[in-house]
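Residues per chain, in single letters:
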Amino acid sequence: MLIGVDVVYKYFLPDEFVKSVFLISPDKLKEKGIKAIITDLDNTLVAWDRPDATPEISQWVKEMQDAGLKVTIVSNNNENRVKTFCDPISISFIFDAHKPLTKAFHKAVSMMGVRKDEVVVIGDQLLTDILGGNRAGLHTILVVPVAKSDGFFTRFNRMIERRIMAGMKRRGMIKWED
């Protein structure tokens, strides 16, 4: 049985698009019944080559936590990279997540003790964060990458993502501006 192209594209289509995590407020999330955030790290929160949180990201995480939202980072990066970032700002994390596979997403939901419909996934990549979050049945938010540069594998993913985005745009699936 063949699957239609539009059906395949829907796996890559985020539920929302915002330019930055700073435009995601705890009040708006809570209005939607969200109790927990799964977020990517590299180029979602900070540049992929920055080891630690900026003061602004630390404040954003604190605002989310102060509002009662649980925050977990799910990253494909190695333990040292993710731990170095997360420990100083007290965020739980899953490293070497193998996104877009769904196992790490399900583990994060379980760790936070919430239901799938109470979780939002925030990330900068269609091929890892959005595809994985959608496959796991979670609400997804795509953000613009923090840095213009990427690591080797991400540069390859971005090339594929541009084609996917162009196809979604041609089909009228994208409702936001570049």
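Q: Describe the pattern of salt bridges, listing the residues and the values that go with them.
A: Two side chains bearing opposite charge may form a pair once their charged atoms approach each other closely. If you walk through the whole model with that rule in mind, you get ten salt bridges. For Asp 129, the salt bridge is made with Lys 99, and the minimal N-O distance between the two is 2.6 Å. In this pair, Asp 129 is assigned in helix H6 (residues 126–135) and Lys 99 in the loop between strand S4 (92–94) and helix H5 (103–112), connecting sequence segments 30 residues apart. The buried category is assigned to Lys 99, whose relative accessible area is 7%.

Q: Can you lay out the side chain of Thr 72 for me, pointing to particular residues and giving the numbers?
A: Note on placement: Thr 72 falls in strand S3 (residues 70–74). Residue classification places Thr 72 among the buried residues on the basis of a relative accessible area of 0%. Within polar-contact distance, the side chain of Thr 72 engages the side chain of Ser 92 at 2.8 Å. When residues no more than four places from it in sequence are discounted, the contact partners of Thr 72 are Ile 37, Ile 38, Thr 39, Ile 91, Ser 92, Phe 93, Ala 108, Met 111 and Met 112.

Q: I'd like a rundown of the pairing of strand S6 (residues 139–143), residues and numbers included.
A: Across the five residues that make up S6, a large majority, four, are buried. The sheet contact formed by strand S1 (residues 16–18) and S6 spans three bridges and is parallel. Paired with Phe 17 across the strands is Leu 142, a residue of S6. Two elements, strand S5 (residues 119–123) and S6, share four bridges in a ladder whose sense is parallel. Along S6, the bridge assignment pairs Val 121 with Thr 140. Each parallel crossover has a hand, and the one from S5 via H6 to S6 is right-handed.

Q: Report on the sheet that holds S5, specifying residues and quantitative values.
A: As summarised here, the arrangement of the six strands in space is S1-S6-S5-S2-S3-S4, forming an open sheet in which the pairing is parallel. At either end of the open sheet lies a strand with only one pairing partner, and these are S1 and S4. Here the strands of the sheet are splayed against their neighbours by 25° on average, with no regard to which way each runs. Bridge count for S3 against S4 is three bridges, and the pairing is parallel. The partner of Ile 73 across the bridge, within S4, is Phe 93. Lying on the sheet, H6 is in contact with S5 and S6; it crosses S6 at an angle near 165°.

Criteria and cut-off values
- Residues numbered from 1 in each chain as written.
- Predicted model: local features only at pLDDT ≥ 70, side-chain atom pairs only at ≥ 80, totals over all residues.
- Heavy atoms only, no water.
- Salt bridge = Lys/Arg side-chain N within 4 Å of Asp/Glu carboxyl O.
- Helix = DSSP H or I, 4+ residues; strand = E, 2+ residues; numbered from the N terminus.
- Buried < 20%, exposed > 50% of the residue type's maximum accessible area, 1.4 Å probe, protein only.
- Polar contact = N/O pair within 3.5 Å; in protein donor to acceptor, adjacent residues only side chain to side chain.
- Contact = heavy atoms within 4.5 Å.
- Pairing = 2+ DSSP bridges.
- Right-handed = clockwise from strand over helix to strand, strands pointing away.
- Axes fitted to C-alpha atoms, helices over the stretch in contact; angles between N-to-C directions.

The analysis is restricted to geometry; functional conclusions fall outside its scope.
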